[in-house]
Amino acid sequence: MAQISVIQGDITTMKVDAIVNAANTGLVGGGGVDGAIHRAAGPELDIACRKLGGCPTGEAKVTPGFRLPARFVIHTPGPIWRDGSFEEPKLLRACYVNSLKRAVENGCQTIAFPSISTGVYGYPLKAAAKIALTAIAQFDAPLQVTMVCFEDAAFSAYQAVLNELD
Ligand code: AR6
């Protein structure tokens, strides 16, 4: 069973084996948490990402963490929210499950996630929190998982959903 905690903070400072990046399918960097991770990791991260040749929505690919305290970055493009009928829930769940699989394959014991898709990609927060925390809770591996929420609204939503799951 994965162990879950929810904190508020900046994922780029996390001293864990892997942090997850809410990327885009081109893996070409961007704003939000993606921009913050690229700035903190240094230009080597962009070079490594470009060699991966993109990543489909819901899948996950790994690079080193370079100048980050984290050893790896797991890049996963979340779904862009339209109205919920374009497989957004299934794709968002796949982001979490595939990222956790990459972590296990790389021998990680600790992993930190941002709130995937709930920024520019517009996924409703509470619905996203339910999918994220359920996918993590159901994942059968001895991983310590931290959800790192940046803004107050995300922190409250994930805390509320975690309490409902307990
Ligand atoms: N640490 C943790 N969470 C953060 C940080 C941080 N340093 N900075 C922002 N967040 P977003 P998306 C939160 O927009 O919706 C990029 O341009 C943020 O407050 O980063 O999946 C990519 O290249 C929000 O709660 O990701 C893609 O094109 C959450 O991270 C696109 O955005 C996700 O917001 C992906 O959009």
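What you are looking at is a predicted structure, and each value in this text was computed from that prediction instead of being measured.

Peer 1: Give a description of helix 3 (residues 88–105) that names residues and reports values.
Peer 2: Over its 18 residues, helix 3 extends 26 Å from the first C-alpha to the last, a length consistent with the 26 Å expected when each residue adds 1.5 Å. Positive phi shows up at glycine 107, right after helix 3, with a value of about 75 degrees.

Peer 1: Mind laying out the side chain of serine 117, listing which residues take part and the relevant values?
Peer 2: In this structure, serine 117 sits in the loop between strand 5 (110–113) and helix 4 (125–137). Here serine 117 falls in the buried class, since its relative accessible area comes to 5%. Engagement of the side chain of serine 117 in a polar contact is seen with the backbone oxygen of proline 79, the distance being 2.8 Å. Beyond its immediate chain neighbours, meaning those up to four positions away, serine 117 contacts Gly78, Pro79, Leu92, Gly122 and Tyr123.

Peer 1: Go over the packing of helix 1 (residues 32–41) against helix 2 (residues 43–50), please, and point to the residues and values.
Peer 2: For any two helices packed against each other, the geometry is given by the interaxial angle and the distance between the axes. Where helix 1 meets helix 2, the axes come as close as 5 Å, and the angle between the chain directions of the two elements is 115 degrees. Packed against helix 1, whose contacting residues are Ile37, His38 and Ala41, the element helix 2 presents Glu44, Leu45, Asp46 and Cys49 at the interface. Class assignment for the residues of the contact of helix 1 with helix 2 results in four nonpolar, one polar and two charged.

Peer 1: Tell me what's going on with the packing of helix 4 against helix 5 (residues 152–165), and back it up with residues and numbers.
Peer 2: Running from N to C, helix 4 and helix 5 point in directions that differ by 50 degrees, and their axes come no closer than 9 Å. Our classification of the angle between helix 4 and helix 5 gives oblique. Handedness of the crossing formed by helix 4 with helix 5: right-handed. Of helix 5, the residues touching helix 4 (which contributes Leu125, Lys126, Ala128, Ala129, Lys130, Ala132, Leu133 and Thr134) are Ala153, Ala154, Ala157, Tyr158, Ala160, Val161, Leu162, Glu164 and Leu165. Looking at side-chain class alone, the contact of helix 4 with helix 5 contains 13 nonpolar, one polar and three charged residues.

Peer 1: Explain the nonpolar core to me, and be specific about the residues and the numbers.
Peer 2: Tyr96, Ile111, Phe113 and Tyr158 are the most contacted members of the largest nonpolar core, which has 36 residues in total. The greatest single-element share of this core, amounting to seven residues, is contributed by helix 4. In contact with isoleucine 111, other than residues within four places in its own chain, are Val16, Ala18, Val20, Ile74, Ser99, Leu100, Ala103, Gln144, Val145 and Thr146. Residues Met14, Ile37, Cys49 and Val73 belong to the second largest nonpolar core, which totals 16 residues.

Peer 1: Describe the sheet that holds strand 5, with residues and values.
Peer 2: Pairing within the open sheet is mixed, and its six strands lie in the order 1-6-5-2-4-3. Either end of the sheet is taken by a strand with one partner, and the two such strands are strand 1 (3–8) and strand 3 (61–64). Averaged over all pairs of adjacent strands, the angle between their axes in this sheet comes to 25 degrees, without regard to strand direction. The sheet contact formed by strand 2 (residues 18–23) and strand 5 spans two bridges and is parallel. Bridging across to strand 5, alanine 18 finds its partner in isoleucine 111. The strands touched by helix 2 within the sheet are strand 3 and strand 4 (72–77), with strand 3 carrying the most contacts at an inclination of about 145 degrees.

Cut-off values and rules
- Residues numbered from 1 in each chain as written.
- Predicted model: local features only at pLDDT ≥ 70, side-chain atom pairs only at ≥ 80, totals over all residues.
- Heavy atoms only, no water.
- Helix = DSSP H or I, 4+ residues; strand = E, 2+ residues; numbered from the N terminus.
- Expected span 1.5 Å × (residues − 1).
- Buried < 20%, exposed > 50% of the residue type's maximum accessible area, 1.4 Å probe, protein only.
- Polar contact = N/O pair within 3.5 Å; in protein donor to acceptor, adjacent residues only side chain to side chain.
- Contact = heavy atoms within 4.5 Å.
- Axes fitted to C-alpha atoms, helices over the stretch in contact; angles between N-to-C directions.
- Nonpolar A, V, L, I, M, F, W, Y, C, P; charged D, E, K, R; others polar.
- Parallel < 35°, antiparallel > 145°, perpendicular 65-115°, else oblique.
- Left-handed = near helix turned anticlockwise from the far one by under 90°.
- Core = buried A, V, L, I, M, F, W, Y, C linked by side-chain atoms within 4.5 Å.
- Pairing = 2+ DSSP bridges.

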